[in-house]
Amino acid sequence: MLNLESEVRKLEDNGIDMLHFDVMDGIFVNNISYGLPILEQVNKITDMTLDVHLMIIDPLRYVKRFAEAGADIISFHTESESDISETIKAIKAGGAKAALAIKPATPAEAVYDYLSELSMVLVMTVEPGFGGQSFMPEMMDKVRAIRRRIDELGLDIRVEVDGGINDVTGIEASGCGADVLVSGSYLFKAENMAEAAGKLRNA
Ligand code: ZN
């Protein structure tokens, strides 16, 4: 965190497409991460797509401000306490793209009613809250079901997987229809980030 600008440059220099920004409020998940001021600062120094994942209990209260702070895409959870349709509307009114996220215990069907209003669906492949956890392969049925539903409806919606993604699990998720792979530990611990990113891109 104390070298955030140089870390962002590293992502840019190594061909990363989007910056995934995990916001935690200490209530929806146990951990507390960062919020609006950090996003604002990051937005000032990069043109990367800012993909903001809100792991917070009341996203409706904050989405407008995250959009103003520079979020290009905002994901919030079906398991939050905010009204889903209202929150999607508020994200779009703020000028960002709306995405709906589901935790491992939540079935694929939870997002079906909202697909036509969404740009992306985020399937958590670990329990949200902490980095460095192991990928849950049993989530792949869910990714497949959501991708099938999107295709049946003829919609242009991305499916993002978040948690435990590396060169092996990335290929697995991609084969099930995911087209946005979130990766933290795998990229940052790689000896050659560009090469590691290339493996995900070709997954
Ligand atoms: Zn995330």
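So, a few notes on the structure that sits alongside this text.

1. A closer look at the coordination of the zinc ion
Working step 1: Around the zinc ion, the donor atoms from the protein are H20 (NE2), D22 (OD), H53 (ND1) and D162 (OD), and they sit 2.0 to 2.2 Å away.
Working step 2: Angles of 91 to 166 degrees at the metal separate the four donor atoms of the zinc ion, which places the site in the irregular class.
Working step 3: Within one chain, the residues donating to the zinc ion are spaced in sequence as H-x1-D-x30-H-x108-D. Placement of H20 in strand β1 (residues 18–24) and of H53 in strand β2 (residues 49–55) is noted, with a sequence separation of 33 residues between them.
Working step 4: Judged by relative accessible area, H20 falls into the buried class, the value being 16%.
Working step 5: Under the relative-accessibility criterion, H53 is labelled buried at 0%.

2. Some points on the pattern of salt bridges
Working step 1: Within the structure shown, the criterion is met by nine salt bridges.
Working step 2: For E5, the salt bridge goes to R9, with nearest N and O atoms at 3.2 Å. Taken together, the residues span about one helical turn, with E5 and R9 both in helix α1 (residues 4–13) at a distance of four residues.
Working step 3: On the accessibility criterion, E5 (43% relative accessible area) is partly exposed.
Working step 4: A salt bridge links R9 to E12; the nearest nitrogen and oxygen atoms lie 2.9 Å apart. Taken together, the residues span about one helical turn, with R9 and E12 both in helix α1 at a distance of three residues.
Working step 5: For R9, a relative accessible area of 27% puts it in the partly exposed group.
Working step 6: Using a relative accessible area of 29% as the deciding quantity, one classes E12 as partly exposed.

3. Overview of the pairing of strand β4 (residues 97–102)
Working step 1: The buried fraction of β4 is high, at five of six residues.
Working step 2: Relative to β4, strand β3 (residues 73–77) runs parallel, the two being bridged by five bridges. Bridge assignment links I74 to a residue of β4, and that residue is A98.
Working step 3: A crossover connection joins β3 to the parallel β4 through helix α4 (residues 84–93); in handedness this β-α-β unit is right-handed.
Working step 4: Note: β4 against strand β5 (residues 120–124), four bridges, orientation parallel. Along β5, the bridge assignment pairs I102 with V123.

4. Looking at the nonpolar core
Working step 1: Within the largest apolar cluster, 57 residues are counted, with the highest numbers of intra-cluster contacts made by I74 and I146.
Working step 2: Sort the elements by how many residues they give to this core and helix α5 (residues 140–153) lands first, with five residues.
Working step 3: Leave out the neighbours within four places in its chain, and I146 touches I102, A108, V111, Y112, V121, V123 and V159.
Working step 4: By size, the runner-up hydrophobic cluster in this structure holds five residues, among which are M18, I73, A99 and M120.

5. Considering the packing of aromatic side chains
Working step 1: For the structure on display, the rule yields one aromatic pair.
Working step 2: With 4.7 Å between their ring centres and 55 degrees between their planes, F21 and Y34 make a pair best called tilted. Of this pair, F21 sits in strand β1 while Y34 sits in the loop between β1 and α2 (36–45); the two residues are 13 residues apart in sequence, bridging distant segments of the chain.
Working step 3: With relative accessibility at 5%, the residue F21 sits in the buried group.
Working step 4: By relative accessible area, Y34 is classed as partly exposed at 25%.

The rules behind the values
- Residues numbered from 1 in each chain as written.
- Predicted model: local features only at pLDDT ≥ 70, side-chain atom pairs only at ≥ 80, totals over all residues.
- Heavy atoms only, no water.
- Donors = N, O, S within 2.8 Å, 3.2 Å for Na, K, Ca; no water.
- Tetrahedral: all angles 85-135°; square planar, octahedral: opposite > 155°, others 65-115°.
- Helix = DSSP H or I, 4+ residues; strand = E, 2+ residues; numbered from the N terminus.
- Buried < 20%, exposed > 50% of the residue type's maximum accessible area, 1.4 Å probe, protein only.
- Salt bridge = Lys/Arg side-chain N within 4 Å of Asp/Glu carboxyl O.
- Pairing = 2+ DSSP bridges.
- Right-handed = clockwise from strand over helix to strand, strands pointing away.
- Core = buried A, V, L, I, M, F, W, Y, C linked by side-chain atoms within 4.5 Å.
- Contact = heavy atoms within 4.5 Å.
- Phe/Tyr/Trp six-rings, centres within 6.5 Å; stacked < 30°, edge-to-face > 60°.

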